[in-house]
Amino acid sequence: MKMAEIRFLEKGEKAALFKGGKLLPKGWRKAYIERRKPFRWEEEGGRLTAILQTEKENAMTAIWRKDAAKLLEALKKKEVAIVIPPAEGDLPRDILPFAEGRRLTNLFAFQGAAEALKRQGKNPETCTYLLAGGNHEAWRGALLSMGNEVNRLAIFTSDPDGAKELVQELFAERGLMTEVFSSPQNPVFQQADVIFGCGMEQRAYEYMLKEGAVWIDLAGNRPVLRKLQERRRDVATMDGFFFRRGKKQAEGRLAEAEAFLSCPIFRENWQFPLAEAAGKEMLWELQERGYAVSGFSFMGKRVKIQRKP
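Because the structure is a prediction, the values reported are computed rather than measured.

Some points on the overall build of the chain
When helices and strands are counted, the chain shows ten helices and 14 strands. Over its C-alpha atoms the chain spans a radius of gyration of 21 Å, differing by no more than 12% from the 19 Å that the globule rule assigns to 309 residues. Taking the principal axes of its C-alpha atoms as reference, the chain extends roughly 70 × 40 × 40 Å. For the chain, the residues scored as buried account for 50% of the 309 residues in total. In the chain, 63% of the contacts between residues at least 6 apart in sequence involve partners at least 24 apart. Approximately 15,800 Å² of the chain is accessible, and the part contributed by carbon and sulfur atoms is 48%. One way to put it: in the chain the 52 positive side-chain charges average out to a point 8 Å from where the 42 negative ones average out.

Structure representation (structure tokens):
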């Protein structure tokens, strides 16, 4: 088994053609690329990179979705077991597993939050944590890595009754009182130091959060992420982590692909939602293998955490 990274043509990069292909009229050249040469690959240092020969803006068109499917089938024949997709773009997902970093982000959610708070100069034990949106399965997945440092937890949901069982469990097992509310005007939004985005609800979170909050997206809610990044520069907005293993550091998508190939329990429990018992075992196994949060990312790019005065 091996992994492959997929990317589109970068700005200014030309599609690879046969010798003399650049002399073709533009329309013929375009048709040739789409039908005969939609992708190529490069292999260096044992790492395979597959290039779809179009810009990311064209990825949603019917012809390029078909070409992307052909690429994934070709990679499957080359014994690729998992692919690292482009940070943006919508490729067919029913051919090979995609390493997007979300599984590792969910597994290490609270550890990543604690690290972000420490870099801000805050004490994780005195901070307020909020699960925003989603359902009980998303909340349980996020809570897998919660340690004893959490003393104040809240859940924002349009279905408060759906949180009752979890709230009772947290009190019985940890003595943790969890506040559940459904109003976006609740003052907890102005108190929360860390907000985990657990669902795809399209709310104006950019107007709810306090200054200097940490937003960790666990659901892949890109519209909310983009609004926060554009309108709330003071908020540390992220959708993934960097991971360290010994002296080696990797962005979350790469770390996730490596975990898929090397860790059987992680590979066997790939599908969301994560079963709680399997999730705990997966987290323990990955920690034993040396995985630890070492940084933060937004759509594949590093996020710097500013220390708060």
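Notes on the nonpolar core
For soluble globular proteins, the rule of thumb is that nonpolar side chains tend to be buried together. Grouped together as the largest cluster of nonpolar side chains are 78 residues, with contacts concentrated most on Phe-108, Tyr-129, Leu-153, Phe-196 and Phe-266. Residues Ile-6, Leu-48, Ala-50 and Val-80 belong to the second largest nonpolar core, which totals 24 residues.

What about the pairing of strand 9 (residues 214–217)?
Sheet faces and side chains relate simply in a regular strand, where the side chains alternate between the two faces. Alternating positions in strand 9 separate into two faces, Val-214 and Ile-216 on one and Trp-215 and Asp-217 on the other, with burial throughout. Examined bridge by bridge, strand 8 (residues 194–197) and strand 9 share four bridges and lie parallel to one another. Within the sheet, the bridge partner assigned to Phe-196 lies in strand 9 and is Ile-216. Crossover handedness for the path strand 9 to helix 7 (residues 222–231) to strand 10 (residues 236–238): right-handed.

Quick look at the sheet that holds strand 1 (residues 2–8)
Spatially, 2-3-1-4 is the arrangement adopted by the four strands of the open sheet, whose pairing is mixed. Either end of the sheet is taken by a strand with one partner, and the two such strands are strand 2 (39–44) and strand 4 (80–84). Here the strands of the sheet are splayed against their neighbours by 30° on average, with no regard to which way each runs. As defined by bridge partners, strand 2 adjoins strand 3 (residues 47–52) across six bridges and the pair is classed as antiparallel. Each residue of the ladder has a partner; that of Glu-42, found in strand 3, is Thr-49. Here helix 8 (residues 252–262) sits on the sheet and contacts strand 1, strand 3 and strand 4; the angle it forms with strand 4, its principal contact strand, is near 165°.

Quick notes on the environment of Leu-107
Assignment of secondary structure puts Leu-107 in helix 3 (residues 102–107). The class of Leu-107 is buried, set by a relative accessible area of 0%. Separated by 37 residues in the primary sequence, Leu-107 and Leu-144 have C-alpha atoms spaced 6.3 Å apart. Sequence-distant contacts of Leu-107, defined by excluding residues within four places in its chain, comprise Leu-144, Ser-145, Phe-266, Leu-274, Gly-279, Met-282, Leu-283 and Leu-286.

Here's the deal with the packing of aromatic side chains
Counted according to the given criterion, the structure contains 15 aromatic pairs. Between the aromatic rings of Phe-243 and Tyr-291, the centroid separation amounts to 6.4 Å while the plane-to-plane angle is 65°, which identifies the pairing as edge-to-face. Of this pair, Phe-243 sits in strand 11 (residues 240–245) while Tyr-291 is found in the loop between helix 10 (276–288) and strand 13 (292–298), placing the two residues 48 residues apart along the sequence. We classify Phe-243 as buried; its relative accessible area is 2%. An aromatic cluster is defined as three or more aromatic residues linked by ring pairs; in this entry it consists of Phe-108, Phe-241, Phe-243, Tyr-291 and Phe-296. Taking NZ or CZ as reference, Arg-103 lies 3.9 Å from the ring centre of Trp-270, over its face. A cation sits over an aromatic face here: Arg-302 above Phe-242, 3.9 Å from the ring centre.

Calculation rules
Residues numbered from 1 in each chain as written. Predicted model: local features only at pLDDT ≥ 70, side-chain atom pairs only at ≥ 80, totals over all residues. Heavy atoms only, no water. Helix = DSSP H or I, 4+ residues; strand = E, 2+ residues; numbered from the N terminus. Rg over C-alpha atoms; globule rule 2.2 N^0.38 Å. Buried < 20%, exposed > 50% of the residue type's maximum accessible area, 1.4 Å probe, protein only. Contact = heavy atoms within 4.5 Å. Areas by Shrake-Rupley, 256 points an atom, 1.4 Å probe, with all protein chains shown as cover. Lys, Arg positive; Asp, Glu negative; His and termini not counted. Charge placed at Lys NZ, Arg CZ, Asp CG, Glu CD. Core = buried A, V, L, I, M, F, W, Y, C linked by side-chain atoms within 4.5 Å. Pairing = 2+ DSSP bridges. Right-handed = clockwise from strand over helix to strand, strands pointing away. Axes fitted to C-alpha atoms, helices over the stretch in contact; angles between N-to-C directions. Phe/Tyr/Trp six-rings, centres within 6.5 Å; stacked < 30°, edge-to-face > 60°. Lys NZ or Arg CZ within 6 Å of the ring centre and 35° of its normal.

Any functional reading would require information that these geometric values do not contain.
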